[in-house]
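Observations on the three-dimensional arrangement
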Amino acid sequence: MAAKSNCIITIELGTNAVRVVAFDLKGTTIGSMKGSYPTFHTEPDYSEQDPEQIFITMLYVLKNFLTEKIHARKYDVVCICFSAAMHSVLPINKNGAPLGNAITWADNRGKKEGQELNESALGKSIYQATGTPIHPMSPLIKITWLKNHDQEKFKQTSKFLSIKSYIIQQLTGEYVIDYSLASATGLMNIHTVKWEADALAYAGIDAKQLPELLPVFASPGQLKKEYQTSLGLSSSTKILVGSSDGCLATLGAGVWEEDKAVITIEDSGAVRVVGKTVLQDERRRFFNYLLTEDCYISGGPTNNGGVIFEWFAKQFGDFSKPFDLEFCMENLINEATKLEPGSDGLLFLPYLLGERAPLWNANARGVYFGLNIKHEKQHFIRATIEGILYEIYSIGKILEEHRSIKALSVHGSFASLPFCTQMIADIFNKPVSLKKNADSIALGAFLLSATEMGIYKNLDEAAKTVILPDEYFPKKQHNTSYMKYFKIFERLSTKLNEEFEDIANMQ
Amino acid sequence: MNQFLLQQGSAKELQLFAHINEFALKRNNSIRLNSFSTSSESDCIRFYYIMEGKFEWTINDQHYILYPWDLAIILPGQTFGAEKGYLDIGTLSWLHIDADKSDPEIKMLLGKWSGISSGEIITIKKILWLNGNPVISKLREAGTIFQNIQNELFTQELGYSARVNQLIDELFILVTRQLTRQNNSHRDFPQTFLKLEKTLRQNLSHQWTVEEMAALVGLGTTAFNEKVKNFTGFSPLNYLINIRISEAIRLLKRNEVNVTDIALETGFYSSQHFSTTFKKLTGYTPSQFRKNNSSKT
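Here the structure is a predicted model, which is why all the values come from computation and not from measurement. (Residues numbered from 1 in each chain as written. Chains lettered and ligands numbered in written order. Predicted model: local features only at pLDDT ≥ 70, side-chain atom pairs only at ≥ 80, totals over all residues.)

**Re the nonpolar core**
Among the nonpolar cores identified, the biggest contains 187 residues, and Met58(A), Ile263(A), Leu389(A) and Ile424(A) are the most heavily contacted of them. Filtering out sequence-adjacent residues up to four positions away, Ile263(A) remains in contact with Val271(A), Ile392(A), Leu408(A), Val410(A), Ala415(A) and Ile424(A). In this structure, Ile97(B), Ile124(B), Ala142(B) and Phe146(B) belong to the second largest nonpolar core, which totals 39 residues. (Core = buried A, V, L, I, M, F, W, Y, C linked by C-beta atoms within 7 Å. Buried ≥ 20, exposed ≤ 12 C-beta atoms within 10 Å, placed from the backbone. Contact = placed C-beta atoms within 7 Å.)

**Thoughts on the sheet that holds strand β5 (residues 75-84) of chain A**
Residues and elements named next belong to chain A. Here we have 5 strands laid out as an open sheet, ordered β3-β2-β1-β5-β13, and mixed in their pairing. At either end of the open sheet lies a strand with only one pairing partner, and these are β3 (29-36) and β13 (238-244). On average, each strand axis in the sheet is tilted by 20° relative to the strand beside it, whichever way the strands run. Contacts from helix α6 (residues 163-172) reach β1 (5-13), β5 and β13 within the one sheet, and its direction differs from that of β5 by about 145°. Each of β1, β2 (17-24), β5 and β13 is contacted by helix α15 (residues 440-452), which is oriented at about 130° to β1, the strand it contacts most. (Pairing = 2+ DSSP bridges. Helix = DSSP H or I, 4+ residues; strand = E, 2+ residues; numbered from the N terminus. Axes fitted to C-alpha atoms, helices over the stretch in contact; angles between N-to-C directions.)

**Comments concerning the sheet that holds strand β8 (residues 90-98) of chain B**
Residue and element names in this part refer to chain B. Within the open sheet, the 6 strands sit side by side as β1-β2-β8-β3-β6-β9. Their pairing is antiparallel. Bordering the open sheet on either side are β1 (4-7) and β9 (135-136), each of which pairs with just one other strand. Note: strand β6 (residues 71-74) against β9, 2 bridges, orientation antiparallel. Bridge pairing in β9 places Leu71 opposite Ile136. Against the sheet, helix α2 (residues 140-155) makes contact with β2 (20-28), β3 (44-53), β6 and β8, and its axis sits at roughly 105° relative to β3, the strand it touches most.

**A short note on the confidence of the model for chain B**
Across chain B, the average pLDDT comes to 89, with 94% of residues at or above 70. Both scores are available for the predicted complex, with the pTM at 0.84 and the ipTM at 0.82. (pLDDT = per-residue confidence, 0-100.)

**What about the interface of chain B and chain A?**
Taken together, the contact pairs 26 residues of chain B with 29 residues of chain A. Mapped by element, the contributors of at least two residues to the side of chain B that touches chain A are α4 (189-202), α6 (221-232), α7 (236-254) and α9 (271-282) of chain B. The biggest single contributor to the side of chain B that touches chain A is α7(B), with 8 residues. Broken down by class, the residue content of the side of chain B that touches chain A amounts to 8 nonpolar, 11 polar and 7 charged. (Nonpolar A, V, L, I, M, F, W, Y, C, P; charged D, E, K, R; others polar.)

**Focus on α7(B)**
Taking 1.5 Å of rise per residue, the 19 residues of α7(B) would be expected to cover 27 Å, and the 28 Å separating its terminal C-alpha atoms lies within 8% of that figure. A positive phi of about 60° marks Asn255(B), the residue just after α7(B). (Expected span 1.5 Å × (residues − 1).)

Printed below as a string of C-alpha cells:
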C-alpha cells in the first residue's frame, strides 16, 4: 500500500476572490481553485464586502477543492496557511456578529480624517511608530471615521477585526491577527510589535477591542470539530495564521537581497523591497510592513495599475465583434507596439483614481499632455501604458534614494504582459525576471509553512529556492528616450496640485 | 399613412383577438388642453411607438422625452400621461395588450394565444418588471412590427390570425432582448455580473433558473454558464447558493427570525432543503450553527 503524501494548503483572501492552492512538500503545485465575491460601492468613496459571503465562498471552494483534488488523490493535509489583502476593517458586536459589511483597503471615506492627522505632529509620530502611511486606506483612519460619523455602530462594536481575523475566528473560534497584517493597520508599533497606544487613543479604542497579536508562524488553534468533519480533515492539520498578500508576494518572488525590488501590477500595483531595517523617509512616502520580527517589507503602492488600461480598453477598444475584454486589450497592445518609445511626445498621467505613492494625493486626476494634430489612436494606447509604468518607475526611483537596486522581479497580470515587462526593463534600465503564471502570494505562504515545519532552516533559505527564469534585458536606446519623457512626466505630476484639487472638488 | 383607432368590443378587425385591447395610429395636429393628463392606469401592457414629433411624457412618475422611432412600454398599474396635460403634436402608434389576470401572483401572463413557453414568459415578465427604464430609443424594428400588424389586420389574408399573434410575440421578444442589451454592456462583464448579483440579493426568495439569470444579462445560457464559471469559479446555481447561505448566516446570527422563515426568505424550497444544503457545506445544521455562534467575544 502506497504511503499517503503530505501537502500544504494556502488560502488567499484576495481583493476580488479567494484562491486555494495545494503544494507538495517540495513546493510543487498540486492544484488550485478560486471563487470570487463582489465589492459593493454604495456611495462614491465606499468600498465594502459581505463577510459572510467571503466566508461561505472560502468554505465552498475549500471543500470542493479538498474533495476533488486532495482527498481523491489521497493527500494528507499537514498545514493550512492564510494570507489576505491588507487594511480591511470589520466591526463585530458582543455576540461576534458583523455589524454590516467589511470595509476594504480601497475605501476612501476617511479622506478628511486622513488629511487632518497627516498634517499634525501626532500623525508624523504615529507613522514612524506604525510604518503605515496616514491614509484613508489604513484601519486607523477607518475606525476614526466610524467614531466621527457612525457613533451608533462605533459604540456597538465589541471588536474591530480584519476580514482574515473574522474568517479564522469562524473556523477556530479564536480572535487573532498576525504581526504582518497588523503592521498594515496603522495601529501596531512595528518596533515593539505591540498595539500602539497613541494610535489607539486617536481612534478612540482600547487594545481589548482588537484581536490577539500572533507571529506569522503561530497557530490560532484547531479547526472546530464540525469543520474537521465536513472538510474531511483531522485535528492534526495545523492552522497557520500566515501573513498579508503584499509581504507574502515579496517572499514568494524570491527577492530576499537588499539590492532587488519586486514590482507587482494587477488592478493596482506596488514596488517593494525587503530589508532588516525600516526605510526612514523624511517625506513619509513609503510603507514599512513587518513580515517577521527582523524582516521589513517596504515600498510604495499605486492605485492606478492595470485597472487604468482596462478602463481605456472599455472606452476605446473594438467591441464590434463579440470580443471579450482580454482580447480587446491584446489588440490594443498590438497597435501600441507599432510606435517608438515615447509615443511621439504624448504623455499620460494615470491618476484616474487619485494616487498613493509617491504623490499621496487623493485629488490627483488623469491627464493627456502634449497632444498634437499628428497623434492618432495608437499614440493614446501606447501613452496610456507608458504613463502607468512611469508612475511605477517614480516609486522605484525614490526607493533608490534609500537602496541601490540592481535587479527587478515582476508579477501580476498587467506587469507580466510581455510588452509591459520589456517596457519595465527599458524604463528602469535594469534586468527583469518574470516567472510566468506564478502565484507568488501562494508560494510565499507555502515557504512560510515549510519553514515553520522545519523543511527550511529560515526564510532566507526558503526564499533562495525560488527560481526566477525568463529574464528581460533593458535596451539602452529605449531607456534614453523614456528618460527624456519621464522628466516631463515627473514635473507634470507635481505641478498641477492646485488644479487637481479644484477639479476634484467639482466632480 | 392613414389614422385609425381599433378598440376591443367595437372594432370587427379585433374580433379574433380578445387580448388586443386597443390598436391605433394617430396624427396629432393640434394641442387640446387637458386631454392627456397623468395618472391614467390600466391593466394592459401598453406600447407606444413614435413616428414623428417630440413627446414629453411621465411614465411611472418619471419624466421622459421621446423622439421618432422610440418605443415606450407601460406596465399594468403604472401611471402614464403628460405633465402639461395634453398630447404633443406628432404622429404615433400604440398597442394595448391585455395581461392575463387569472393568476394574481404573476401580474402579467400572456394568454393562450401566445406561442412563447410559460417559463420564458415568466422570465420576460421578470425582465420587464425589474427594468427601470421604460423607453427604448431608436427601435425601428418595433415600427416594422406595428406596420405588419396593421397590414395583417386590414387585409386579413390567409393565416392572418396566426400572423398577428406571432407579431405580438415578436414584439415582446424584441423588447426584452433589447432591454437586457441596453442594460448590460458586454464590455464589462464584472459590472454586468455585479448588477445581476444585486438583483438576485433583492429577490432572494424567488426560485431563479439559469435561463432567467442568463436572460437578465442578455446572454444565452451556454455563454452565461461559461462566463460566470470563468469569472466567479462557480456555476450560476452554485453561486446563487453561496449568496443564499451567506444571507442565511447573517439572519441566523441575528437570533430574531426562526429557521423556517430564514429558509424561505433566502430561497430554499423548505426548511429541510435549507438544513441539508447548509449542513453539507458547513457541517452544522442551521440551529446548531445558531447555538454555536452566539458566543460572547
